[in-house]
Amino acid sequence: MKYSVIAEEKLGYEIAEKSCTGEEFAVITAEEFAKKYADANVYIRFYHKSKGQVGYLNQDGNHDITGKPWVFE
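Heads up: these notes are all about the structure in this document. Numbers given for residues are sequential positions, taken from 1 along each chain in its written order. Given that the model is predicted, a residue must reach a pLDDT of at least 70 before its local features are reported, and side-chain atom pairs must reach 80 or more before they are shown or counted; all residues, however, enter totals for whole chains, interfaces and linings. Excluded from the side-chain calculations are hydrogens and water; all other atoms, namely the structure's heavy atoms, are used.

1. A short note on the side chain of His-48
Then step 1. One can find His-48 in strand β3 (residues 41–48).
Then step 2. Categorising residues by exposure relies on relative accessible area from a 1.4 Å probe, with only protein chains included: less than 20% of the type maximum marks a residue as buried, more than 50% marks it as exposed, and the intermediate range marks it as partly exposed. The class of His-48 is buried, set by a relative accessible area of 18%.
Then step 3. Whether two residues are in contact is decided by their heavy atoms, any of which lying within 4.5 Å being enough. With residues near it in sequence (within four places) discarded, His-48 still touches Met-1 and Gln-53. By definition, any uninterrupted DSSP run of H or I lasting at least four residues is a helix, any uninterrupted run of E lasting at least two residues is a strand, and each is numbered from the N terminus.

2. Some thoughts on the environment of Gly-12
Then step 1. Inspection of the secondary structure assignment puts Gly-12 in the loop between β1 (2–8) and β2 (14–20).
Then step 2. For the pair formed by Gly-12 and Ala-26, sequence separation is 14 residues and the distance between their alpha carbons is 20 Å.

3. Focus on the nonpolar core
Then step 1. Nonpolar cores are built from buried Ala, Val, Leu, Ile, Met, Phe, Trp, Tyr and Cys residues. Side-chain atoms within 4.5 Å join them into one set. Counting residues in hydrophobic clusters, the biggest one holds 16 residues, and the most contacted among them are Tyr-3, Val-5, Ala-26, Phe-33, Tyr-37, Val-42 and Ile-44.
Then step 2. Breaking this core down by element, the ones donating at least two residues are β1, β2, α1 (23–36) and β3.
Then step 3. The biggest single contributor to this core is α1, with four residues.
Then step 4. Apart from the residues within four sequence positions on either side, Val-42 is in contact with Val-5, Ile-6, Ala-30, Phe-33, Ala-34, Lys-68, Pro-69 and Trp-70.

4. Observations concerning the environment of Asp-39
Then step 1. Residue placement: Asp-39 occurs in the loop between α1 and β3.
Then step 2. A C-alpha to C-alpha distance of 18 Å links Asp-39 and Lys-18, two positions 21 residues apart in sequence.

5. Quick notes on the packing of aromatic side chains
Then step 1. Any two of the Phe, Tyr and Trp rings considered here, Trp counted by its six-membered ring, make a pair once their centres fall within 6.5 Å; the pair's planes then place it as stacked at under 30 degrees, edge-to-face at over 60, or tilted in between. Applying the stated criterion across every chain, the model contains three aromatic pairs.
Then step 2. When the centroid spacing of 5.7 Å and the interplanar angle of 20° are considered together, the rings of Trp-70 and Phe-72 count as stacked.

And the structure:
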């Protein structure tokens, strides 16, 4: 499964994106994006090639079609 970490402005404009090969690296990257882009919403999007499935990895650990912004303190 491939992951992309995305930072978006509150109006939905993408600020930054980084591809990640694993879930753990995606979470670390999301934390970095949250610090760098403090006013942005940070999402982790996934792509499962064999199933053709696209969605989001949410902070509760669930893979879902609906993405929820990650919150870091």
